Every structure is written in C-alpha cells, then in structure tokens.
Amino acid sequence: MDWRSIRFDWNRARAFLVTAEEGTFSSASRALAIAQPTVGRQVAALEQELGVTLFERVGTRLELTDAGMDLLEHVRAMGDAANRVSLGATGRAEAVEGIVAITASEAITTFLLPPVVTELRRDHPGIEIELVVANEARDLQRREADIAIRNFAVKQPDLIARNLGARRGHAYATPEYLDRIGPPTSMADLGRADWLGFDRTPVMRDGLVA
C-alpha cells in the first residue's frame, strides 16, 4: 500500500458522517460539541478534496447526493472502526477517572440508579457521572453512552454484557375497566385490552409476546 498517497482527513469525514446522520449542520455541531461553522467548513473541505458535492439543501434539512450516498457507507465503516479502537483503549485505561455516560430508562434512572451512583461516586471520586435518560436504546458503539442498563438481551457481539438479574413487571387496571372487558385469565384475554406503554419502544410489547 502506498501510504503517502492517503491524505484523507478523518475530522472532515467525521463531520460528513455526523451531518448525514443528524440531517443539519446545527444538529451535527451539537453532537460533535464544536461550532456549526466549523462543521460546515470541514464538510466543504471534504467536498473540495474529493471533487464532489455531498449534500443538497431541501428545505431546512440537508439531503445526500448520489456521491454522498456512495461515500456514506465507507465513512460509516470508518466510524465504526474508530469507535472500536476508542472502546478498546478506554477498556485498557488504568486510571478510574473521567466522564462516564450511563444510559437507562426513566424508571431505572429514577428508582434504581441513585444509590448505585452515590456508591460509585463515593468509591471513585475521580469519576463524573453523566446520566443519559431515554426509554429507547442508545447505541454504545456510536458512543452515545459508555454503559447501558437495559431490560433486554444485547445482540451486538462487540459489546461486553453482564446479566444483573431479573425483575418482575406488573400490569395495572382500574376496577371499572376490568368490569368492562372482564377479568383476564389468560394471555388471549390480555389481547383484548388496551395498553399504555413507554414512548414507541417495542420492548415491553415483545416481552408480553414472549
């Protein structure tokens, strides 16, 4: 391989990747924690370097051109590789300090995490905990968080998972509602009921089906 011929700037490629995923320069700047004009300049520099147009503006959003679509697949693979390198380096760090982002659902964050975070901060005062509260799963491989506490099995082989145990869930209904639909005695009876869940995540629904 002719290493001297490779002059690809990863910062420009990263700005392109995040802009493509976020849809606007302003959203990309927030995700990258850099100024919006900087993101725009990096993308423009990448376009000039490659001699192609990567985005076209449609209303308030940016849409990928054909050239941008072709490039996105390759840059996304680069991003995944960079994340794996970063995750590996983080896992080998000896010092227990720095910012650790933990993502969990609203219920877990409210009722289970406070004593855990208190103990962690007491034992390791050099750690700064950032809680990413979301009922939808955050992508650890894209560094949306460092640690995730989830109510479902991990399907990504590159992640390290630990089973923290099972917890029991309960369904509730008012007496008036049960009088209307009849007391359920089987899973088939529950299929006639109306359900209120969390946002649009299918986790609880899939758990009932299982």
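Residues numbered from 1 in each chain as written. Predicted model: local features only at pLDDT ≥ 70, side-chain atom pairs only at ≥ 80, totals over all residues. Heavy atoms only, no water.

1. Section: the overall build of the protein
When helices and strands are counted, the protein shows 9 helices and 5 strands. In the protein, which comprises 210 residues, the share counted as buried stands at 24%. Once local pairs closer than 6 in sequence are excluded, the contacts in the protein between residues at least 24 apart make up 58%. Carbon and sulfur atoms make up 53% of the accessible area of the protein, which amounts to about 15,500 Å² in all. (Helix = DSSP H or I, 4+ residues; strand = E, 2+ residues; numbered from the N terminus. Buried < 20%, exposed > 50% of the residue type's maximum accessible area, 1.4 Å probe, protein only. Contact = heavy atoms within 4.5 Å. Areas by Shrake-Rupley, 256 points an atom, 1.4 Å probe, with all protein chains shown as cover.)

2. Focus on the packing of helix α1 (residues 10-22) against helix α2 (residues 25-32)
Orientation of α1 relative to α2, taken along the N-to-C sense of each, is 120 degrees, at an axis distance of 8 Å. Here α2 runs oblique to α1, going by the angle between their axes. In the crossing of α1 with α2, the sense of the turn from one axis to the other is right-handed. Packed against α1, whose contacting residues are Arg 14, Ala 15, Val 18, Thr 19 and Glu 22, the element α2 presents Phe 25, Ser 27, Ala 28, Ala 31 and Leu 32 at the interface. Looking at the contact of α1 with α2 residue by residue, the classes come out as 6 nonpolar, 2 polar and 2 charged. (Axes fitted to C-alpha atoms, helices over the stretch in contact; angles between N-to-C directions. Parallel < 35°, antiparallel > 145°, perpendicular 65-115°, else oblique. Left-handed = near helix turned anticlockwise from the far one by under 90°. Nonpolar A, V, L, I, M, F, W, Y, C, P; charged D, E, K, R; others polar.)

3. Describing the pairing of strand β2 (residues 61-64)
Summarising the sheet, strand β1 (residues 55-58) and β2 pair through 4 bridges and their orientation is antiparallel. When the sheet's bridge partners are listed, Val 58 is paired in β2 with Arg 61. Between β1 and β2, which pair antiparallel in sequence order, lie 2 residues; one of them, Gly 59, sits at a positive phi of approximately 65 degrees. (Pairing = 2+ DSSP bridges.)

4. What about the side chain of Asn 135?
With respect to the helices and strands, Asn 135 occurs in the loop between β4 (127-133) and β5 (147-148). Given a relative accessible area of 15%, Asn 135 falls into the buried group. Of the polar contacts made by the side chain of Asn 135, one reaches the backbone nitrogen of Glu 106; its length is 3.1 Å. (Polar contact = N/O pair within 3.5 Å; in protein donor to acceptor, adjacent residues only side chain to side chain.)

5. A word on the environment of Ala 15
In this fold, Ala 15 is placed in helix α1. Distance in space between the C-alpha atoms of Ala 15 and Gly 40 is 8.1 Å, their sequence separation being 25 residues. Discounting residues that sit within four places of it in the chain, Ala 15 has contacts with Leu 32, Val 39, Gln 42 and Val 43.

6. Section: the nonpolar core
Core analysis: the largest hydrophobic core is formed by 17 residues, its most contacted members being Phe 16, Val 39, Leu 54, Phe 55, Leu 71 and Val 75. Secondary structure elements with two or more residues in this core: α1, α2, α3 (36-50) and α4 (66-91). If you tally residues by element for this core, the top one is α1, at 5 residues. Residue contacts for Leu 54: discarding those within four places in its chain leaves Phe 16, Leu 46, Glu 47, Glu 63, Leu 64, Thr 65, Ala 67, Gly 68 and Leu 71. Counting residues in each nonpolar core, the second largest holds 8 residues, with Val 100, Leu 113, Val 117 and Ile 129 among its members. (Core = buried A, V, L, I, M, F, W, Y, C linked by side-chain atoms within 4.5 Å.)

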